[in-house]
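An overview of the molecular structure
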Amino acid sequence: MEQSNKLYIKHLSIEVTRRCNMSCAHCMRGDAEQTDIAHCHIHNILKHTQHIARFNITGGEPSLVPKTIHYILQQLKSFDITVGNFYLVTNGSLSSISDQFIKACVALYDYQEDKEQHPRSHMLEMSDDRFHDKSHHSDVIEILGRYPFFGLRGQSENIFLFKEGRSKDGYPNPVHPIYLTETNSVYGDVYLNAEGKILGNGDLSYRRQREHILCDSKYFLKYLKGTLKKRQNYP
């Protein structure tokens, strides 16, 4: 594919794992699963891409799979993909301060274009709400606080919840479309889950994800071209 034909993605999320070392009562995912994303699915998306405005690396708990984060960065470099900024949330467990995870985050920060850290937005944030186990939070804050890309999510007092997974309270969580434009821009929230499926909403439980699959990762470009064709033919 020619470089000029590659995709500009406004918001891409990759669910790198469904494993988690916590079991929070509010988890929108539901029960953790022993699933890590196969690298081929990451390759299937990034090989078509030129620029990602906001790149969310999520889970599960992403700090459990630093090798996959390094693979993502390797693929970005291999395809010469620019990234405006990355976003990761960690739960504040000991894996949050593993050498491998910290090195992966440093590499992501160095690679992203926008290194300006806004007061309420950081590349790497730690969950500080009332549901998470705080046993190691002070150690995590001490160590990660040394880096310019780290901050708290700021949900110690209030937290926005979707009524998904284990959460019995919260707001309805609709599914949104994604579509391709004539200028190769991809609008909507593109979500690649750990099973290699594309969805239009990254905040669904694992059960609801399986109900709203758009396509397999290997058919990502074909699906997008289909959305463009439908819009062009719309009277």
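Residues numbered from 1 in each chain as written. Predicted model: local features only at pLDDT ≥ 70, side-chain atom pairs only at ≥ 80, totals over all residues. Heavy atoms only, no water.

1. Side note on the overall build of the protein chain
Cut-off, in case you're wondering: Secondary structure elements are defined from DSSP: runs of H or I of at least 4 residues count as helices, runs of E of at least 2 residues count as strands, and each element is numbered from the N terminus. Computation of the radius of gyration draws on C-alpha atoms alone. For the globule rule, the value is 2.2 Å times the number of residues to the power 0.38. It only takes one pair of heavy atoms within 4.5 Å for two residues to be counted as in contact. A 1.4 Å probe and the Shrake-Rupley method give the accessible areas. Residues count as covered only by the protein chains that appear here. Under this rule, positive means Lys or Arg and negative means Asp or Glu; His and the chain ends count for nothing. A single reference atom marks each charge: NZ on Lys, CZ on Arg, CG on Asp, CD on Glu.
Scanning the protein chain for helices and strands turns up 6 helices and 9 strands. Taking 2.2 N^0.38 as the reference for a compact globule, 235 residues should give roughly 18 Å; the C-alpha atoms of the protein chain span a radius of gyration of 18 Å, in line with that estimate. In terms of its C-alpha atoms, the protein chain occupies a principal-axis envelope of roughly 55 × 40 × 30 Å. Intrachain contacts of the protein chain at a sequence separation of at least 6 include 76% that bridge at least 24 residues. By element, 50% of the accessible surface of the protein chain is carried by carbon and sulfur atoms, the whole surface being about 11700 Å². Across the protein chain, the 29 positively charged side chains and the 27 negatively charged ones have centroids separated by 7 Å.

2. Some details on the environment of Arg-130
Looking at where Arg-130 falls in the secondary structure, it is placed in the loop between β4 (124-126) and α4 (137-144). Spatially, the C-alpha atom of Arg-130 lies 17 Å from that of Lys-163, the residues being 33 residues apart in sequence.

3. Overview of the pattern of salt bridges
We count it as follows: What counts as a salt bridge is simple: a side-chain nitrogen of Lys or Arg found within 4 Å of a carboxyl oxygen of Asp or Glu. Relative accessibility thresholds used throughout: buried, under 20% of the residue-type maximum; exposed, over 50%; partly exposed, between the two (1.4 Å probe, protein chains only).
For the structure shown, the criterion picks out 10 salt bridges. Here Asp-31 makes a salt bridge to Arg-166, at a shortest N to O gap of 3.3 Å. One end of the pair, Asp-31, is in the loop between β1 (7-15) and α1 (39-46); the other, Arg-166, is in the loop between β5 (150-152) and β6 (179-180), and 135 residues separate them in sequence. Residue class for Asp-31 comes out exposed when judged on its relative accessible area of 56%. Linking Arg-208 and Glu-164 is a salt bridge whose minimum nitrogen-to-oxygen distance equals 2.2 Å. Pair noted here: Arg-208 is in helix α5 (residues 206-211) and Glu-164 is in the loop between β5 and β6, with a separation of 44 residues, a long-range link. Taken individually, Arg-208 and Glu-164 each receive the classification buried, so the pair is uniform in this respect. Overlapping salt bridges bring together Glu-15, Arg-18, Glu-33, Glu-195 and Arg-210 as one network.

4. Looking at the environment of Gly-154
Of note, Gly-154 is situated in the loop between β5 and β6. Note on Gly-154: relative accessible area 57%, which makes it exposed. Residues Gly-154 and Glu-125, 29 residues apart in the sequence, show an inter-C-alpha distance of 9.0 Å.

5. Quick word on α4
Since the α-helix turns once every 3.6 residues, residues separated by three or four places project in the same direction. The condition that has to hold: Picture the helix axis, draw a direction to every C-beta atom, and the arc is the one those directions span.
Within α4 the residues assigned to the buried category are His-137, Val-140 and Leu-144. One side of α4 carries all its buried residues, which in axial view fall inside an arc of 60°. Exposed residues on α4 whose side chains face more than 90 degrees from its buried face are Ser-138 and Glu-142. In this structure, the buried side of α4 is in contact with α3 (99-111), β4 and β5.

6. What about the packing of α1 against helix α2 (residues 66-78)?
The line we're drawing: Helix axes are fitted only over the stretch in contact, all axes being lines through C-alpha atoms; the angle between N-to-C directions runs from 0 to 180 degrees. Note that the term roughly parallel is reserved for angles under 35 degrees, roughly antiparallel for angles over 145, roughly perpendicular for angles of 65 to 115, and oblique for everything else. Crossings are sorted by hand: turned counterclockwise from the far helix by less than a right angle, the near helix makes the crossing left-handed, and turned clockwise it makes it right-handed. Each residue gets one label: Ala, Val, Leu, Ile, Met, Phe, Trp, Tyr, Cys and Pro are nonpolar, Asp, Glu, Lys and Arg are charged, and the others, such as Gly, are polar.
One can describe the packing of α1 onto α2 by two numbers: an axis separation of 10 Å at closest approach and a directional angle of 30°. In terms of their interaxial angle, α1 and α2 are classed as roughly parallel. Both α1 and α2 take part in a crossing whose hand is right-handed. Residues His-39, Ile-42, His-43 and Leu-46 of α1 form the contact with α2, whose participating residues are Thr-68, Tyr-71, Ile-72, Gln-75 and Leu-76. Across the contact of α1 with α2, the residue classes break down as 5 nonpolar, 4 polar and no charged.

7. What about the nonpolar core?
This is how it is decided: Side-chain atoms within 4.5 Å are what join buried Ala, Val, Leu, Ile, Met, Phe, Trp, Tyr and Cys residues into a set we call a nonpolar core.
Core analysis: the biggest nonpolar cluster contains 49 residues, and Phe-55, Leu-76 and Leu-88 have the highest contact counts within it. Of all the elements, α3 adds the most residues to this core, at 6 residues. Setting aside residues no more than four positions away along its own chain, Phe-55 makes contact with Leu-12, Ile-14, Leu-46, Ile-72, Leu-76, Val-83, Asn-85, Phe-86 and Tyr-87.

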